[in-house]
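Descriptive structure summary
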Amino acid sequence: MGVLDGKVVLVTGGGNGIGRETALLAAREGAKVVVNDLGGSLTGGDEGDAGPAEKVAAEIRAAGGEAVSNSESVTDMKAVQGMVEQAKDTYGTLDSIINPAGILRDGMFHKMSESDWDTVIDVHLRGSFNVTRAAVELFREKESGSFVLFTSTSGIIGNIGQANYAAAKMGIVGLSRIIAMEGERKNIRSNVIAPFAWTRMIASIPVKDEAGAQRVERIKNSMRADQVAQLAIALCADKAKTVSGQIFIVRGNEVILCDQPRPIKSVARMEGWTPDSIIDQAFPAMQGSFFDLGASASVFPYDPV
């Protein structure tokens, strides 16, 4: 018996990395799986290839599971609606969507093109809107359903060279929270995962020094895509029905629950504030609670020139 027995799950980006491991695990846990992957390059913009998604679906079938493949883009609402219909036509329903599909177009913000900004926002944020919007009415009718979306520490903490990616990923956090709040009465859940795992995205990070090389090697050896898949599948299970609106990080064998932005300190002035009094009194009173920028410089090895 698996935790997803009788469920139907759509996994985007299912041809590689976290998506692939998630699709395989979903099947092992009893789900029927629609494996979606455009089969495109890491930077997107190409026509893609139906091979990666079908290869994973075939692997599931060869192991005795049930799976079909889909090679459409999450950026196209009609295509995503087609994925939902494919699940319904093939298996009669859809219970969960897991959406790790993504691309990277990294670069320093002062050098970033509009195209690189738009393309990353389109795949990650628009793609997350598409997969949730295409299924939410079905989930409301069923009064049951779950979404697992993917954020990143690039947004939560910060990462030099990834302004487009970070902005999209933090947008997904807000999207998931609202879906969870609005869906609570209809038993619709949404959570987000920020993964630490060796994938082709991580493999694309330029290594400029020995410290960077050692860090990449640690990720490769101890932070695997299959470890992230465990949480993604757990979040789709009926036994996790009380878990919604949360932000998780998976780092190797650690599952970390993240804080969410809430007020941490306030100052008041009976006579009101002026710019000068804010500078002289409010900022100094809050200074000890400010978040520093130190983490970002060590996370991503771009030379900020």
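Presented here is a report on the structure given in the accompanying data block. (Residues numbered from 1 in each chain as written. Predicted model: local features only at pLDDT ≥ 70, side-chain atom pairs only at ≥ 80, totals over all residues. Heavy atoms only, no water.)

**A closer look at the overall build of the protein**
Counting secondary structure elements, the protein contains 11 helices and 8 strands. Of all 305 residues assigned to the protein, the portion counted as buried reaches 45%. Considering only contacts in the protein between residues 6 or more positions apart, those separated by 24 or more positions represent 70%. (Helix = DSSP H or I, 4+ residues; strand = E, 2+ residues; numbered from the N terminus. Buried < 20%, exposed > 50% of the residue type's maximum accessible area, 1.4 Å probe, protein only. Contact = heavy atoms within 4.5 Å.)

**Structural notes on the packing of helix α4 (residues 114-142) against helix α6 (residues 163-183)**
For any two helices packed against each other, the geometry is given by the interaxial angle and the distance between the axes. Direction vectors running N to C along α4 and α6 enclose 15 degrees, while the axes themselves pass 8 Å from each other. In this view, α4 runs roughly parallel relative to α6, as classed from their interaxial angle. Judged by the twist between their axes, the crossing of α4 over α6 is right-handed. Residue-level inspection shows Asp116, Trp117, Val120, Ile121, His124, Leu125, Ser128, Phe129, Thr132 and Arg140 of α4 in contact with α6, the latter providing Ala163, Asn164, Tyr165, Ala167, Ala168, Lys169, Gly171, Ile172, Leu175, Ile179 and Glu182. A class-by-class count of the residues in the contact of α4 with α6 yields 12 nonpolar, 5 polar and 4 charged. (Axes fitted to C-alpha atoms, helices over the stretch in contact; angles between N-to-C directions. Parallel < 35°, antiparallel > 145°, perpendicular 65-115°, else oblique. Left-handed = near helix turned anticlockwise from the far one by under 90°. Nonpolar A, V, L, I, M, F, W, Y, C, P; charged D, E, K, R; others polar.)

**Description of the packing of aromatic side chains**
Where two aromatic rings form a pair, the distance of their centres and the angle of their planes describe that pair. The final tally for this structure, using the stated rule, is 1 aromatic pair. Ring centres of Phe139 and Phe147 lie 5.0 Å apart, and the angle between their planes is 40 degrees; this geometry places the pair in the tilted category. The class for Phe139 is buried, based on a relative accessible area of 0%. (Phe/Tyr/Trp six-rings, centres within 6.5 Å; stacked < 30°, edge-to-face > 60°.)

**Considerations on the sheet that holds strand β1 (residues 8-11)**
Ordered by their spatial adjacency, 8 strands build an open sheet running β3-β2-β1-β4-β5-β6-β7-β8, and the pairing between neighbours is mixed. Across the chains shown, the open sheet's two edge strands, defined by having one partner strand only, are β3 (67-70) and β8 (254-257). Taken over all neighbouring pairs, the strand axes of this sheet differ in orientation by 20 degrees on average, direction set aside. Here 4 bridges tie strand β4 (residues 96-99) to strand β5 (residues 145-150), and the two strands are oriented parallel to one another. Paired with Asn99 across the strands is Leu149, a residue of β5. Lying on the sheet, helix α3 (residues 77-91) is in contact with β1, β2 (32-36) and β3; it crosses β3 at an angle near 155 degrees. Strands in contact with α4 are β4, β5 and β6 (188-196); relative to β5, the strand with the most contacts, it is inclined by about 170 degrees. (Pairing = 2+ DSSP bridges.)

**Remarks on the pairing of β6**
The buried count for β6 comes to 7 of 9 residues, which makes it a mostly enclosed element. Sheet topology note: the β5/β6 ladder contains 6 bridges and is parallel. In the strand pairing of β6, Val148 is matched with Asn191. Here β6 pairs with strand β7 (residues 247-251) via 5 bridges, running parallel. When the bridges of β7 are listed, Ile193 appears paired with Phe248.

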